[in-house]
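Single-letter residue listing:
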Amino acid sequence: MEIAEDHISRNIAAQLKSLRTAQSMTIEDLADLSGVSRAMISRIERSQASPTAALLARLCSALGLSLSAFFEETETAGAPLARRETQALWRDPETGYRRRSVSPPGTGARVDVVEVEFPPGATVRFAAQPASRNQWQHVWLFEGEMDLMVGDKTYRLTPGDCLHMNIGDVHSFHNPATSPARYAVIIDLGGR
């Protein structure tokens, strides 16, 4: 049985509020730093809205951490084996892309493995992520096609291709095909 998406949404809400208050930030402070409205932050923290991937990345950057580190923090430590049915699964409400945290949580590893299923025609754009400049990732495509914009260059990936990049440089992910794309993201969390 997979971890329910509403459970993940509640964890996102609790984690966002916890990280914000741990840094003695008000909702207004976080809104100013992230460019996300106070009303939206409040709705997310009360589990009344699920943030998009791009919006959550902006909030994470304002809090000084990456999206991957944010999700790792919402997971509790457990055994060194993460069975598929216990892996946290999150769906971006805007594009429908599904992000599965494959790595066993709480191991302290510098590497995080994520599986993504990206819908046909979908695009996710990310603002600059200064907090992620010390993190690198590989995107290894298994099925479909993906266009990744890194800096001012766009790379077309087809099955078997693997692209290495700095997380802070990634601007967008786009599936130009009419079928879903499936890929792994292997993240070197650097000096967290």
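Since we're looking at a predicted model, the values are computed, not measured.

Draft legend 1. Representation of the pattern of salt bridges within the structure. Here the structure, examined in full by the defined rule, presents 9 salt bridges. As a salt-bridge pair, Arg 38 and Glu 28 come within 3.7 Å of each other at their nearest N and O atoms. In this pair, Arg 38 is assigned in helix α3 (residues 38–45) and Glu 28 in helix α2 (residues 27–34), connecting sequence segments 10 residues apart. According to the relative accessible area criterion, Arg 38 is partly exposed, its value standing at 49%. Between Arg 156 and Asp 147 there is a salt bridge, and its shortest N-O distance comes to 2.4 Å. One connected set of salt bridges, linked through shared partners, spans Arg 84, Arg 100, Glu 115, Glu 143 and Arg 182.

Draft legend 2. Summary view of the packing of α2 against helix α4 (residues 53–63). Two numbers describe how α2 lies on α4: the axes approach to 9 Å, and their chain directions differ by 105°. Between α2 and α4, the angle is such that the two are roughly perpendicular. The residues of α4 that touch α2, namely those facing Leu 30, Leu 33 and Ser 34, are Arg 58, Leu 59, Ala 62 and Leu 63. Its residues placed into classes, the contact of α2 with α4 shows 5 nonpolar, 1 polar and 1 charged.

Draft legend 3. Representation of the nonpolar core within the structure. Counting 49 residues, the largest nonpolar core has Phe 118, Leu 148, Phe 173 and Tyr 183 as the members making the most contacts within it. Per element, the largest residue contribution to this core is 9 residues, and it comes from α4. Ignoring anything within four residues of it in the chain, the contact list for Leu 148 reads Val 139, Lys 153, Thr 154, Tyr 155, Leu 157, Leu 163, Met 165, Ser 172 and Phe 173.

Draft legend 4. Examining the side chain of Asp 112 more closely. In this fold, Asp 112 is placed in strand β3 (residues 111–118). Side chain to side chain, Asp 112 and Ser 103 meet in a polar contact 3.3 Å long.

Cut-off values and rules
Residues numbered from 1 in each chain as written. Predicted model: local features only at pLDDT ≥ 70, side-chain atom pairs only at ≥ 80, totals over all residues. Heavy atoms only, no water. Salt bridge = Lys/Arg side-chain N within 4 Å of Asp/Glu carboxyl O. Helix = DSSP H or I, 4+ residues; strand = E, 2+ residues; numbered from the N terminus. Buried < 20%, exposed > 50% of the residue type's maximum accessible area, 1.4 Å probe, protein only. Axes fitted to C-alpha atoms, helices over the stretch in contact; angles between N-to-C directions. Parallel < 35°, antiparallel > 145°, perpendicular 65-115°, else oblique. Contact = heavy atoms within 4.5 Å. Nonpolar A, V, L, I, M, F, W, Y, C, P; charged D, E, K, R; others polar. Core = buried A, V, L, I, M, F, W, Y, C linked by side-chain atoms within 4.5 Å. Polar contact = N/O pair within 3.5 Å; in protein donor to acceptor, adjacent residues only side chain to side chain.

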